[in-house]
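Commentary on secondary and tertiary structure
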Amino acid sequence: MGRRKRRKIVKKVVRKIPKIFICPKCGKQSVFVNINKEENNAYVRCGSCELNATVELYLGGEPVDAYNLFVDKYYSGIIK
Ligand SMILES: [Zn+2]
């Protein structure tokens with residue numbers, strides 16, 4: 001008896017990591033990221049306009065990091 005009511009703390013760790021991104025070229029949400037952990041890189045490809053590139057990814061990099069590198073490469077003219 002006399003148990004203290006414990007406040008229920010629901011710790012929800014929701015890691016929202018989108019896997020499909022907006023293409024910087026065609027503007028469609030059809031960019032997929034395939035991470036290759038063994039080679040520390042990621043293959044990024046738009047399923048709509050075929051824009052694609054392989055980007056180097058540091059250890060533990062997330063798809064969104066690969067996507068950011070992909071977009072950077074696109075805007076700097078490395079990929080077309
Ligand atoms: Zn595209």
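The next point concerns the coordination of the zinc ion. The coordination sphere of the zinc ion contains the protein donors Cys23 (SG), Cys26 (SG), Cys46 (SG) and Cys49 (SG), at a distance range of 2.3 Å. The coordination sphere of the zinc ion comprises 4 donor atoms, whose angles at the metal cover 105 to 116°; the geometry is tetrahedral. In the primary structure, the donors to the zinc ion are separated according to the pattern C-x2-C-x19-C-x2-C. Residue classification places Cys23 among the buried positions, given a relative accessible area of 2%.

Turning our eyes to something else, we now look at the packing of aromatic side chains. Remark: the centre distance and the inter-plane angle together describe each pair of aromatic rings, the angle taken between the planes. In this structure the tally under the stated criterion is 2 aromatic pairs. On the basis of an interplanar angle of 15° and a centroid distance of 4.5 Å, the ring pair of Phe21 and Tyr67 is categorised as stacked. Of this pair, Phe21 sits in strand β1 (residues 20-22) while Tyr67 sits in helix α1 (residues 63-75), and the two are 46 residues apart along the sequence.

This part covers unusual backbone geometry. At Asn40, a position not held by glycine, the phi torsion is positive, near 55°. Locating Asn40 in the fold gives a position in the loop between β2 (29-36) and β3 (41-46). Under the relative-accessibility criterion, Asn40 is labelled partly exposed at 32%. The backbone of Glu50 shows a phi angle near 70°, a positive value even though the residue is not glycine. By secondary structure assignment, the location of Glu50 is in the loop between β3 and β4 (52-56). On the basis of relative accessibility, which here comes to 45%, the residue Glu50 falls in the partly exposed class.

In this section: the pairing of β4. Here β4 shows a buried face lined by Ala53 and Val55 and an unburied face lined by Asn52, Thr54 and Glu56. As paired strands, β3 and β4 are joined by 5 bridges and run antiparallel to one another. What sits directly across from Asn41, in β4, is Glu56. Hairpin connection between β3 and β4: a loop of 5 residues separates the two successive antiparallel strands, and Glu50 in this loop has a positive phi of roughly 70°.

Conventions we followed
- Residues numbered from 1 in each chain as written.
- Predicted model: local features only at pLDDT ≥ 70, side-chain atom pairs only at ≥ 80, totals over all residues.
- Heavy atoms only, no water.
- Donors = N, O, S within 2.8 Å, 3.2 Å for Na, K, Ca; no water.
- Tetrahedral: all angles 85-135°; square planar, octahedral: opposite > 155°, others 65-115°.
- Buried < 20%, exposed > 50% of the residue type's maximum accessible area, 1.4 Å probe, protein only.
- Phe/Tyr/Trp six-rings, centres within 6.5 Å; stacked < 30°, edge-to-face > 60°.
- Helix = DSSP H or I, 4+ residues; strand = E, 2+ residues; numbered from the N terminus.
- Pairing = 2+ DSSP bridges.

From the geometry alone we can't say anything about function, so treat these as descriptive.
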